[in-house]
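Overview (structure and organization)
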Amino acid sequence: AIKDKGCYIYSLGFFHALYGSELAFGQRFMKDLASDGRYYEVTNADDLEFVFGEISADLNQAMMDVLAGVASGMVTPAEWVVPFHLVAFVLVVG
């Protein structure tokens, strides 16, 4: 699976019109898609701003980790591997 190869998958759930078993299925599905700790349920604009801030921080940290490895000589520029991040947006409308 792609997650086993060091890729991070983010999923954002927009479930404004789902209830009961449909909501539970959508939430479970989105959690299963995402890498650990990278599922977010969005209910308003403030949530969306927070989520993009979290994703941005993750991406910045990944790049800083790579640059620190190069600066310390532990990683050569030819060995640069920046973790792949995939953001999956799924809009579920009931």
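Relevant structure appears above.
Residues numbered from 1 in each chain as written. Predicted model: local features only at pLDDT ≥ 70, side-chain atom pairs only at ≥ 80, totals over all residues. Heavy atoms only, no water.

Side note on the nonpolar core
Ranked by size, the top nonpolar core spans 7 residues in total: Tyr10, Leu12, Phe14, Tyr40, Val42, Val51 and Ile55. With 3 residues, strand S1 (residues 8–14) is the largest single contributor of residues to this core. (Core = buried A, V, L, I, M, F, W, Y, C linked by side-chain atoms within 4.5 Å. Buried < 20%, exposed > 50% of the residue type's maximum accessible area, 1.4 Å probe, protein only. Helix = DSSP H or I, 4+ residues; strand = E, 2+ residues; numbered from the N terminus.)

What about the pattern of salt bridges?
This structure, assessed with the given rule, holds 1 salt bridge. For Asp58, the salt bridge goes to Arg38, with nearest N and O atoms at 3.3 Å. With a gap of 20 residues between them, Asp58 in helix H2 (residues 45–71) and Arg38 in the loop between helix H1 (20–33) and strand S2 (39–41) connect regions that are remote in the sequence. Arg38 sits in the buried class, given a relative accessible area of 17%. (Salt bridge = Lys/Arg side-chain N within 4 Å of Asp/Glu carboxyl O.)

Observations concerning H2
With 27 residues, H2 should reach 39 Å at 1.5 Å per residue; the first-to-last C-alpha distance of 39 Å fits that figure. Those residues of H2 lying buried are Val51, Ile55, Ala62, Val66 and Gly69. Regarding H2, its N-cap is Asn44, as a side-chain oxygen of that residue lies 2.9 Å from the backbone nitrogen of Asp46 further along. Gly73 sits one or two residues past H2 and shows a positive phi near 85°. (Expected span 1.5 Å × (residues − 1). Polar contact = N/O pair within 3.5 Å; in protein donor to acceptor, adjacent residues only side chain to side chain.)

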